[in-house]
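Structural characterization, general
Listed below, chain by chain, are the residues.
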Amino acid sequence: MKLVRFIFALILTLLFFFYLNYKQGKIPPLGKFLSPFSGFWQNGEINDLDLPNELEAEELSAPVIIKFDDKLIPHIFAENEYDLYFAQGYVTAFHRLWQMEFQVLAAAGRTAEIVGESQLEFDRIQRRKGLTYGAQRSLEAIQSDPKVTKMVQAYTDGINHWINQLDYDDYPIEYKLLDYTPEEWSDLKVMLLLKNMADMLSRGENDLENTNALQTFGIEDFNRLFPETYSSIDPVIPAGTTWGFPPKSVSKPDIDFPQAFTGQVIEKPDPRNGSNNFAVSGSRTMSGNVLLANEPDLSLNLPSIWYVVQLNAPGINTMGASLPGAPNVIIGFNDSIAWGLTNAKRDVVDWYNIEFRDERREEYRYDDKWLKTQKMVEEFVVRDGDNFYDTIVYTHYGPVSYDEYFLGNQDKVNFAMKWTAHEGSHELRTLFEVNRASNYDEFLKAFRYYTGPPQNFAFASVQGDIAMTIQGKFPVKWEGQGKFLLDGKDSRQEWQDIIPYEQNATVKNPERGFVSSANQHPVDSTYPYYVYDYKYEHYRNRRINDRLKLLRNVNVKEMVRLQNDNYNYRASESLPIMLDNLDTTKMAGNKAKAFHLLKQWDYFTEPEWIAPSIYQTWWNELYALIWDEFDDQELAMSRPQIFHTIYMMRNDSSSKFFDIQNTSQNETLQDLINVSFDRALDSLEKWKEENGQEYVWYKYKNTRIKHILGLEPFSFDQVKIGGYNNIVNAASERHGPSWRMVVELGATGVKAWGIYPGSQSGNPGNPTYGHMIEDWATGNYSPLLFLSDSNEESERLIFTHTIQPEDQ
C-alpha cells in the first residue's frame with residue numbers, strides 16, 4: 001500500500017513539475033515564471049536604472065560614455081562613428097529589446113511562432129505585402145555605401161552585445177509571459193523595422209475600392225462622391241509658389257481600366273496616421289529666433305514608439321526621437337538645425353491585374369510577351385500547431401498579393417502590388433546626413449538618397465532659415481494613373497519615370513513667415529505633376545494656419561499651446577447646419593438640454609465638457625445614415641470623406657444620397673439630422689446608465705495608451721486629455737500625439753522641449769514606466785538637456801555608464 005501511495009505521489013509530483021515548467025496553452029510555464037530567482041519578480045526594479053557603472057566590449061576601439069538624465073534619456077559620447085552607433089544599439093536594447101524584436105517579428109509575418117495559430121492570418125497578410133522582400137532589397141542597396149553599412153553593423157553589434165549577456169532572469173517580462181527567448185539581431189531586422197514604418201505610413205491607397213465604386217455608381221456619381229480637390233484647399237506648399245524647373249512629361253494613354261472586382265481587401269494602415277509640424281521665422285517671434293514644432297500622430301502604445309537619445313561623436317551632436325531598432329535620430333535637432341516630419345499624402349502604391357499563361361503561374365502576359373514569374377514558398381511556423389505553407393508569386397511589379405489562395409475570389413483575380421517600399425531604399429543615408437547637416441543646403445542635399453515613406457520635412461536653422469520640403473520617391477503619373485486597378489499586361493500603364501528630388505515640392509523662407517503641414521493636399525493646381533491621394537486632411541492644417549497667420553511675437557509657450565489646441569474645426573462647419581435643421585418644437589428633457597449645450601458650445605473639445613460627446617456621437621450617427629448606400633454592398637468600398645459629406649450638406653442638400661435606401665419614404669437631409677439626433681441621445685443615455693457617470697468628453701472618448709500585447713495591467717485608460725483625430729490635439733481613443741517637440745534656434749544656440757506618452761523604459765516593473773503620460777496629457781513639456789560634450793555637468797544627470805574596450 002505504501003508503494004502504491006509512493007508511486008501515486010511520484011506521478012503527481014512529476015505532473016506538477018511538468019505543469020509548472022512547460023507552457024499550458026496561453027499560460028506561461030508557471031515554475032519559471034513564478035520563480036523568485038529568475039521569474040517575473042526579477043522584472044521589478046527598485047532603481048530607475050539597473051546598469052553597472054562600467055562594462056567591457058571587445059567590439060569597441062575607444063571608451064564610450066553614456067550619461068542618463070532624470071528622464072532616463074541617454075547622452076552618448078563616443079570617439080568614432082562605429083562606437084557611437086554600437087552604443088546606441090546597446091542602450092536602446094537595454095530599455096526596449098522586447099518591443100524591438102516583437103515589432104520585427106510582426107513585420108516579417110512570424111507572430112504565429114510566438115502566439116500560435118490565431119496569428120496565422122495576420123502573418124499571411126504581412127508576407128503577401130512583401131515587407132521582407134523590400135527589406136532584403138534595401139539591405140542589398142546599402143552594401144555600396146560603406147558608411148551606412150558600418151553604421152548598421154555597429155548598431156546590430158551593440159544590440160547583440162546586450163542580448164548575449166542576458167540570462168532568463170534578465171529577460172523582459174513579455175518573453176516570460178509568452179515563453180520564448182530573444183533571437184540574435186541582424187542588419188536585415190534593421191531594414192525590416194524601417195519597412196514596418198513604411199507600411200504604417202505609406203501603404204494607404206484606395207485603388208480596388210475605387211474600382212468597385214466606379215462599377216457600382218458609374219463615373220458621374222463616382223466623381224461627385226470622390227472629388228480629388230477643392231478650390232478652398234490650403235496646401236502644404238503655399239498656393240502661388242513658383243516652380244523654377246522644366247518638368248518631365250508623360251502622356252495619358254487611351255485605355256480602359258480592368259473590370260475585376262473584390263469583396264475583401266487587405267486591411268489598410270490606420271487612416272489617422274498623420275502629424276503636424278510648423279516653423280516660424282524670426283520676424284514673427286518674440287525673441288527674433290526661429291521656432292520649430294513637430295508632433296507625429298500615431299498609435300498610442302506602450303512601450304512607446306519613440307526612444308529619445310543624444311548622439312555625440314566627431315562631426316555629430318544631435319538629439320531627438322529615434323526608432324527603437326534603427327540607428328540615427330529620426331525627428332530632432334543638432335547644434336545648427338532642427339527638423340520635423342509629417343506624413344505626406346501621396347499615392348505610392350498601385351495594383352496591377354495579372355494574366356497568367358496557365359494554372360502553373362510561371363509566366364504572365366506583358367504586351368506581346370510572356371514574362372517569367374518567381375515563386376517563393378513561405379513556411380509559417382505555428383506554435384503548438386502544424387506548420388503552414390503559402391506560395392507567393394512575384395512579378396516585376398511586385399508580389400501577387402491577391403490570388404486563388406488569398407482574397408482572390410476563387411481564382412477570379414490576380415492582383416500584383418507595386419509599391420516604392422519594395423525597392424531598395426537608402427533612407428538611412430539621408431538620416432545620417434541630416435543628423436550632421438549644418439544649414440539648409442546640406443539638409444536638402446541629403447534627400448538625394450531618400451525613397452520613403454513620403455514625408456513633409458519642416459526645417460529651421462540657427463542662420464534664421466525656415467523651409468518645408470515634401471520628399472519621397474514619387475512616380476511621374478498621367479492624370480488618374482493609380483486611382484483605379486491597372487492592367488498588368490499593358491506597358492503603357494507602368495510608371496514611366498520618377499520625379500527628381502530637386503523637383504519635389506519645396507518652399508524656403510516664404511513671405512508669410514511660417515511653414516506648416518498636417519497631411520493636407522501637398523500643392524495647388526500649378527504644380528506641374530499629377531498628385532493624388534484618396535484621403536487628405538482638411539481641418540487640422542487650416543486651424544494651424546489660421547492661428548499662425550494671426551499670431552505675432554510668437555514664443556515657445558505659443559508653440560506648445562498651438563500643438564495642444566482643442567478647437568474642433570469640423571464641428572464649427574457641420575454643427576450649425578445640424579442645429580438649424582433640428583426640429584425643436586416639441587423638444588424637452590434631455591433633448592432640450594443637449595440642444596442648448598450645443599448651441600452654447602464654442603467648439604473647443606475640452607476634457608471635462610459634455611458638448612463634445614454629444615456632437616461626436618450625433619455626427620457618427622448622421623454620417624452612417626447618410627452613407628447607408630455602402631452598408632450592404634458585396635464589393636469592398638470606402639465611404640466618401642467627412643469633409644466632402646459636410647460640403648454636400650452645405651452645397652447639395654437635396655442630393656439623392658440623403659435618402660435612406662431601405663425605406664419606402666423619400667427622406668431628406670433634415671429627416672436624417674433629426675433621426676440621428678434621437679439615436680445619438682439614446683446611445684449617450686445608455687452609456688451613462690452602463691457606466692454610472694456623465695459622458696464628459698475624456699471619459700466618454702477614453703484615450704487609452706495600451707501595451708502592444710493589449711495587457712491591461714501594463715496599460716493606461718481614461719487619460720484626461722481633450723482633442724480628437726480631426727483636431728490639432730489629435731488624441732482620439734487609441735491614436736494621437738506620439739512625440740511632441742518644440743525647438744528654438746538662434747545665434748546663442750539651440751534649446752528644445754519635448755514629451756511623449758510613455759517612458760524611456762519599456763519595463764512595466766520600472767518605477768518610471770508610463771511616468772510622462774500625465775505631463776503629455778496636460779501639455780507640460782520637459783526641457784531637453786542638450787550637452788555639448790561629455791565633460792559638461794548638470795544637476796539633471798543621474799547616472800554615468802562607461803563601456804570600455806576589453807584591452808583597456
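Here, the structure is the one placed above.
Before going into details, it helps to say that this report is about the structure given with it.

Calculation rules
- Residues numbered from 1 in each chain as written.
- Predicted model: local features only at pLDDT ≥ 70, side-chain atom pairs only at ≥ 80, totals over all residues.
- Heavy atoms only, no water.
- Pairing = 2+ DSSP bridges.
- Helix = DSSP H or I, 4+ residues; strand = E, 2+ residues; numbered from the N terminus.
- Axes fitted to C-alpha atoms, helices over the stretch in contact; angles between N-to-C directions.
- Expected span 1.5 Å × (residues − 1).
- Buried < 20%, exposed > 50% of the residue type's maximum accessible area, 1.4 Å probe, protein only.
- 1 Å grid on protein atoms, 1.4 Å probe; cavity = no way out; pocket = protein on both sides within 12 Å on 5 of 7 lines; lining within 4 Å.
- Points joined across faces, edges and corners; volume = space filled by probe spheres on them.
- Nonpolar A, V, L, I, M, F, W, Y, C, P; charged D, E, K, R; others polar.
- Parallel < 35°, antiparallel > 145°, perpendicular 65-115°, else oblique.
- Contact = heavy atoms within 4.5 Å.
- Salt bridge = Lys/Arg side-chain N within 4 Å of Asp/Glu carboxyl O.
- Left-handed = near helix turned anticlockwise from the far one by under 90°.
- Core = buried A, V, L, I, M, F, W, Y, C linked by side-chain atoms within 4.5 Å.
- Phe/Tyr/Trp six-rings, centres within 6.5 Å; stacked < 30°, edge-to-face > 60°.
- Lys NZ or Arg CZ within 6 Å of the ring centre and 35° of its normal.
- Patch = residues over 30% accessible without salt bridge, like charges linked within 9 Å, V, L, I, M, F, W, Y side chains within 5 Å.
- Areas by Shrake-Rupley, 256 points an atom, 1.4 Å probe, with all protein chains shown as cover.
- Lys, Arg positive; Asp, Glu negative; His and termini not counted.
- Charge placed at Lys NZ, Arg CZ, Asp CG, Glu CD.

**Details of the pairing of strand 12 (residues 363-366)**
Summarising the sheet, strand 12 and strand 13 (residues 369-372) pair through four bridges and their orientation is antiparallel. Within the sheet, the bridge partner assigned to glutamate 363 lies in strand 13 and is lysine 372. Between the antiparallel neighbours strand 12 and strand 13 lie two residues, among them aspartate 367 with a positive phi of about 55°.

**A short note on the sheet that holds strand 2 (residues 64-69)**
Pairing is mixed in the open sheet, where eleven strands are placed in the order 1-31-2-3-7-8-9-10-18-19-23. Each having just a single partner strand, strand 1 (54-57) and strand 23 (506-508) make up the two edges of the open sheet. Strand-to-strand twist of the sheet, defined as the mean angle between neighbouring strand axes without regard to direction, takes the value 15°. Pairing of strand 8 (residues 316-322) with strand 9 (residues 331-334), which is carried by four bridges, proceeds in the antiparallel orientation. From the neighbouring strand, threonine 318 faces strand 9, where its bridge partner is asparagine 334.

**Section: helix 17 (residues 611-626)**
Taking 1.5 Å per residue as the helical rise, helix 17 with its 16 residues ought to reach 22 Å, and the 22 Å between its terminal C-alpha atoms agrees with that figure. Of all 16 residues in helix 17, 13 are buried; the element is thus mostly enclosed.

**Thoughts on empty space enclosed by the protein**
The gaps of empty space that remain are located by a probe, the size of a water molecule, rolled over the atoms. For the coordinates displayed, the defined rule picks out nine cavities of 30 Å³ or more. Of the pockets and cavities examined, the largest cavity occupies roughly 280 Å³. In terms of lining, the largest cavity is formed by 22 residues, of which the most central are Met197, Leu201, Ile330, Leu341 and Pro453. When residues of the lining of the largest cavity are traced back to their parent elements, those giving at least two are helix 9 (187-202), strand 4 (274-280), strand 5 (290-299), strand 10 (337-343), helix 11 (427-434) and strand 18 (455-461). In terms of residue class, the lining of the largest cavity is made up of 14 nonpolar, seven polar and one charged. Looking at the second largest cavity, its volume works out to about 160 Å³. When residues of the lining of the second largest cavity are assigned to their parent elements, the largest contribution, three residues, is made by helix 9.

**Some thoughts on the packing of helix 15 (residues 569-580) against helix 17**
When two helices pack together, their arrangement is captured by the angle between the axes and the distance separating the axes. Across the interface, helix 15 lies against helix 17 with an axial gap of 11 Å and an inter-helix angle of 70°. In terms of axis orientation, helix 15 runs roughly perpendicular to helix 17. Mapping the contact onto sequence places Arg570, Ala571, Ser574, Leu575, Met578 and Leu579 in helix 15 and Tyr615, Gln616, Trp618, Trp619 and Leu622 in helix 17. Tallied by class, the residues present in the contact of helix 15 with helix 17 amount to eight nonpolar, two polar and one charged.

**Points about the layout of surface pockets**
The space that makes up the second largest pocket amounts to roughly 1100 Å³. Along its surface, the second largest pocket is lined by 45 residues, and Pro271, Lys535, Tyr623, Gln641 and Ile642 are the ones closest to its centre. Within the residue set of the lining of the second largest pocket, elements represented by two or more residues are helix 10 (207-225), helix 17 and helix 18 (642-651). Counting residues per element, the lining of the second largest pocket draws most heavily on helix 17, which supplies four residues. Of the residues that constitute the lining of the second largest pocket, the class distribution is 19 nonpolar, 13 polar and 13 charged.

**Some details on the pattern of salt bridges**
Per the counting criterion, the structure on display carries 46 salt bridges. Each of Glu101, Arg110, Glu113, Glu183 and Lys189 takes part in salt bridges that share partners, so that together they form one network.

**Quick word on the packing of helix 15 against helix 18**
At a minimum axis separation of 10 Å, helix 15 and helix 18 run at an interaxial angle of 35°. As helix 15 runs across helix 18, the sense of the crossing is left-handed. For the pair helix 15 and helix 18, the contacting residues are Arg570, Glu573, Ser574, Ile577 and Met578 in the first and Ile642, Phe643, Ile646, Met649 and Arg650 in the second.

**Concerning the nonpolar core**
Judged by nonpolar contacts, the single largest core of 169 residues is most densely connected at Trp306 and Phe333. Top contributing element to this core by residue count: helix 3 (residues 81-108), with 17 residues. With residues up to four places along the chain from it excluded, the contact list for phenylalanine 333 reads Asn317, Thr318, Met319, Ala338, Trp339, Met741, Val743, Val750, Ala752, Leu784 and Phe786. Formed by 51 residues, the second largest nonpolar core is a distinct cluster that contains Phe217, Tyr230, Met578 and Met637.

**Here we look at unusual backbone geometry**
The omega torsion of the bond from leucine 302 to proline 303 falls at -10°, within 30 degrees of zero and hence cis. Along the polypeptide, proline 303 turns up in the loop between strand 6 (301-302) and strand 7 (307-313). Glycine 452 connects to proline 453 through a cis peptide bond whose omega is 5°. Looking at where proline 453 falls in the secondary structure, it is placed in the loop between helix 12 (440-445) and strand 18. At arginine 361, a position not held by glycine, the phi torsion is positive, near 60°. Arginine 361 gets classed as buried once you look at its relative accessible area, which sits at 7%.

**Things to note about the packing of aromatic side chains**
Each pair of aromatic rings is reported with the distance of its centres and the angle of its planes. The full count for this structure, using the stated rule, is 45 aromatic pairs. Ring centres 6.0 Å apart and planes at 80° place the aromatic pair tryptophan 627 and phenylalanine 630 in the edge-to-face group. Tryptophan 627 sits in the buried class, given a relative accessible area of 0%. Note on phenylalanine 630: relative accessible area 8%, which makes it buried. Taken together, the ring pairs connect Tyr440, Phe443, Phe447, Tyr450, Phe457 and Phe459 into an aromatic cluster. A cation over a ring is seen here: arginine 346 above phenylalanine 474, with NZ or CZ 3.9 Å from the ring centre. The ring of phenylalanine 432 has arginine 436 lying over it, and the distance from NZ or CZ to the ring centre is 3.6 Å.

**Focus on a negative patch on the surface**
Negative charge collects at one region of the surface, where Glu54, Glu56, Glu58, Glu806 and Asp807 lie side by side. Inspection of the secondary structure puts aspartate 807 in the segment after strand 31 (797-805).

**Considerations on the pairing of strand 31**
Where burial is concerned, most of strand 31 is hidden: seven out of the nine residues are buried. Pairing geometry for strand 1 and strand 31, over four bridges, is parallel. Paired with glutamate 54 across the two strands is threonine 802, which belongs to strand 31. In the sheet, strand 2 pairs with strand 31 via six bridges, with the strands oriented antiparallel. Of the residues in strand 31, the one forming a bridge with lysine 67 is threonine 800.

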